[in-house]
Amino acid sequence: MHETDFHDLSDDADYAAASKQGSSSMTRNDSSKQSSSCDPEDAEIVYSKDNVTIHPTQYAAERISGRLKLIKQGSSLFMTWIPYKGQSSNARLSAKGKNLYTIKSLPFSDIQSIRRHSPTIGWHYVIVVSSGLAFPPLYFYSGGVREFLATIKQHVLIVRSSEDANLFLVNNFQDPLQRTLSSLELPGSLSNRTSSSSGSPSDGNLENKHTSEDGHLSSMQQNNKHRQKSHDPARDISIHVLEKFSLVTKFARETTSQLFRESLVDGHGPNEKRRTNWASKDHQSQEIASYDVEIVPKKVPVPSDPLEFDKLSLVWGQPRQHPLGVQEWSTFLDSEGCIVDPNALKKRIFYGGVEHNLRKEVWTFLLGYYSYDSTYAEREYVMSVKKSEYETIKNQWQSISPEQAKRFTKFRERKGLIEKDVVRTDRSLSFYEGDDNPNVRLMHDILLTYSFYNFDLGYCQGMSDFLSPILFIMKDESEAFWCFVSLLERLGPNFNRDQSGMHSQLFALSKLVEVLDSPLHNYFKQNDCLNYFFCFRWILIQFKRQFQYEKTLRLWEVLWTHHLSEHLHLYVCIAILKRHRATIMGEQMDFDTLLKFINELSGQINLDPILRDAEALCVCAGENGAASIPPGTPPSLPIEDSSIYHQQDDEVL
C-alpha cells in the first residue's frame, strides 16, 4: 500500500466534519505558526487547545487542566500537554503531583494508537497509547477532538481500525485488529470461553485452580466442603478486555517498518540485539508450529537487583505474628466498647491478621461500618438504623412491576448481569454451593440493591468478587451490604467506565518499579510491558484469585489497615514481580509469555513472605515512593468530601 492511500481520508467522517467545522481551530493554529519561547526555533505549533483536562480521580476538585499542543519539527510530529500553573488550591495536588502527568514532546513515532470516546452525556476524551503505556484520558472540555485527529492525519500515517471506528492506529501499514479480533472478542458461550489463547488462560481454568486450593482451608473445614468443578466460565469482561486489548499495541508494532521499530528503542546493547532478532523470532515461531517441538527457554544473564532484595526483606520486613484472638481483642476495648488505640490495633492486624471467628466483629471497624470511637450502645443503634435504611433501598427495586421493568432498560441490564455473575462466584465454597442456595440469592439482592444505592456506578463485573468474602464473614444481609458500600467507597474507582481508577494505579505501579528496580522497569519498557496490564487482575479485585480463600481474607484485612501505606497493594505487586524477576528477565519473557506466567502463579504464592517483602519495599521507598503515587490514586479518599460519586454533567469547575 502506498503512502498516499493512508492520507486519502475523504471517506472519513471525522476528517470531513473537521474540514467543515474546524475552520476556527485551523485558523488559530495557522496564526500560531511561530513556536513559543520554550519550543525549539524550527518548531511549528500546528494545533493548540486549552482546557484539556486529566481526571486523576472522580472528584472535581482534583482535576488538572492544561494546554494540549501538536508541534511539527522537521518531518516529525510531537504532542505535549502542560498543566496550568497554580490552577488548583487543593492541597493534595502539589506542583510535583501535577508534573507526574505532564507530557513533554512525545514523538508520534512512539505512539501506537489513539482511542476516542464520545459519551452521550459528559465530555469527549481520548486515550493515547505510547510504547505500551496508556496515558491518562485527556478530556476536551471545550471540544476539539475532531480537529485534534484531523490535524494528526495531516502529518502522520494514521488509519481508523476497520473493526473499531473509535480506534485510530498510528504508523501501521495494516490493521492488526483484523487479525487479532479473536483475541479481543468477548465470547458469549462456554465453548468459546474454553478456546482462549494459550497466552491468556481462561478465567475458568483459574477458578478450577482455586477449587482445589480452597480444599486446604484448615480453619474452615466444617463450614467449607468444596467440590471439584470441571469449569467455571470467565465472568470479568473488563479484565478480559484490557488484558487482550493490551496485545493490540504489540501486534501493531510487529507490523511496523524497521524504521519505526528503531525509533521505539534507544539503541543500547540489549535493544540492538532485540532489533536484529525480529526476523529470527518469527522464523522460530513458524518452526515450532510446523514441527510441534517444545523449546526450552534460553536464559540470559540477569542484571543484579539494585536493592539486594533478599537482604532488604530481612532488614526492613518484620516477621509475621499469630492472628489477633478474642482475648487480646478485648484489651483494645474500654468498658463502653470504644477502641482505645485504633493505630495500635491496625498495626497488630497488619502483622498478624485476625482469627476467623473474630472477623465479623473486627471487619466492621476496618471497613468503616462502625467508627473506632463508637460504644456498644451506639453500634446497636447504628445497626438498627442501617437495617431500616437498607430495607428502604431494597424495596425500590422489589416494588418494580413487570410492566415497569419493560420500560426500565438499565434495571433489566443490571439485573441480568448480576444474575449471571452470582451463580459463577465462589460456588466451590459450601457457603455458596448447590442449587437454590439462599446465600447466592442474598448476594444477588445485595448487589442489585447497591446498584440502586449508587445508581451512577451501578453494577460492574468484579464487584461480586468483593462481596462474596464479606457476606461469607458477616452472614447478615444488611451488615454485609453496608460493609460492601464502605469498601467500594475506596475501590469504586476500579470500575470507572473510563478506567481512570485502574490507570492511575497501573501508572503508579510503573513509577514505583522504576524507583525500586530500574533494571526490571527498563526490561518491561524494552519488551512492550510498560502498561503493566499483566497486573490488571491483581489490582482490580485485590488478588482475589491469586491466593487460597483463607489467605485472601488475611491479605484483605492487612490491606484495609492502611498501616504504612494505603497503597500497600502496589508494593505487594512489586514484591511478587521481584520474587520472579530472575525468571522473567532470564527467559526474556514478552508480554504474551509474561501474562501466561503471571496467571499460572495463581495459588502458588506464599502470602507471609510476600507481605514481609511488601513492607520492606514500602519502607525502603519512603518519600520517593509516596511521591511516585499520584494524589487520589485508589484506594485513597479525598481529605474533605463526603460524597463519593458525582455526575460529570452537574459539576462546575
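1. Observations regarding the pattern of salt bridges
- One pass over the structure, following the stated rule, counts 21 salt bridges.
- With its nearest N and O atoms 2.9 Å apart, the salt bridge here joins E477 to K394. Here K394 lies in helix α17 (residues 376–398) and E477 lies in helix α22 (residues 477–491), a separation of 83 residues in the sequence.
- With a relative accessible area of 15%, E477 lands in the buried category.
- Classification of K394 by relative accessible area gives buried; the value is 8%.
- Where salt bridges share partners, they join R359, E550, R554 and E557 into one cluster.

2. Quick notes on the packing of aromatic side chains
- Overall, the coordinates contain 36 aromatic pairs when judged by the stated rule.
- Centre to centre, the rings of Y101 and F507 are 5.9 Å apart; their planes meet at 10 degrees, and the pair counts as stacked. Taken together, the residues Y101 in the loop between α4 (95–99) and β4 (103–107) and F507 in helix α23 (residues 500–516) connect sequence positions 406 residues apart.
- The class of Y101 is buried, set by a relative accessible area of 4%.
- Measuring from ring centre to ring centre gives 5.2 Å for F524 and F534, while their planes differ by 50 degrees; the resulting arrangement is tilted.

3. Looking at the environment of S565
- Structurally, S565 can be placed in the loop between α26 (549–560) and α27 (568–579).
- Through-space distance from the C-alpha of S565 to that of G622 is 9.9 Å; in sequence the pair is 57 residues apart.
- Excluding residues within four positions of it along the chain, S565 makes contact with Y571 and C618.

4. Quick look at the side chain of H503
- In this fold, H503 is placed in helix α23.
- In contact with H503, not counting residues within four places along its chain, are A134, F135 and P136.

5. Quick word on α22
- Along its 15 residues, α22 runs 20 Å from first to last C-alpha, staying within 8% of the 21 Å computed at 1.5 Å per residue.
- Most of α22 is tucked away: 14 of the 15 residues are buried.
- For α22, the N-terminal cap is D476; the gap from its side-chain oxygen to the backbone nitrogen of S478 is 3.2 Å.

6. Topic: the confidence of the model for the protein
- Chain-level pLDDT for the protein is 75 on average; 66% of the residues reach the 70-or-more range.
- The secondary structure element of the protein with the lowest average pLDDT is helix α7 (residues 190–193), at 33, and the one with the highest is helix α20 (residues 438–453), at 97.
- In this model residues 173–295 is a low-confidence stretch, pLDDT under 50, and it forms 218 contacts with partners more than four residues away in sequence or in other chains.
- In the model, residues 638–653 has pLDDT below 50 throughout and makes 35 contacts with residues more than four positions away in sequence or in other chains.

7. Quick look at helix α15 (residues 342–352)
- Along α15, the residues classified as buried are L345, R348, I349, F350, Y351 and G352.
- Contacts made by the buried residues of α15 are with α14 (326–330), α16 (359–366), α26, α27 and α30 (607–627).
- Directly after α15, the chain includes G353, whose backbone phi takes a positive value near 75 degrees.

8. Observations regarding the packing of α16 against α26
- At a closest axis distance of 10 Å, the pairing of α16 and α26 adopts a crossing angle of 35 degrees. Handedness of the crossing formed by α16 with α26: left-handed. Residues R359, W363 and L366 of α16 form the contact with α26, whose participating residues are E550, L553, R554, E557 and W560.
- The residue inventory of the contact of α16 with α26, partitioned by class, reads four nonpolar, no polar and four charged.

Cut-offs used in this document
- Residues numbered from 1 in each chain as written.
- Predicted model: local features only at pLDDT ≥ 70, side-chain atom pairs only at ≥ 80, totals over all residues.
- Heavy atoms only, no water.
- Salt bridge = Lys/Arg side-chain N within 4 Å of Asp/Glu carboxyl O.
- Helix = DSSP H or I, 4+ residues; strand = E, 2+ residues; numbered from the N terminus.
- Buried < 20%, exposed > 50% of the residue type's maximum accessible area, 1.4 Å probe, protein only.
- Phe/Tyr/Trp six-rings, centres within 6.5 Å; stacked < 30°, edge-to-face > 60°.
- Contact = heavy atoms within 4.5 Å.
- Expected span 1.5 Å × (residues − 1).
- Polar contact = N/O pair within 3.5 Å; in protein donor to acceptor, adjacent residues only side chain to side chain.
- pLDDT = per-residue confidence, 0-100.
- Axes fitted to C-alpha atoms, helices over the stretch in contact; angles between N-to-C directions.
- Left-handed = near helix turned anticlockwise from the far one by under 90°.
- Nonpolar A, V, L, I, M, F, W, Y, C, P; charged D, E, K, R; others polar.

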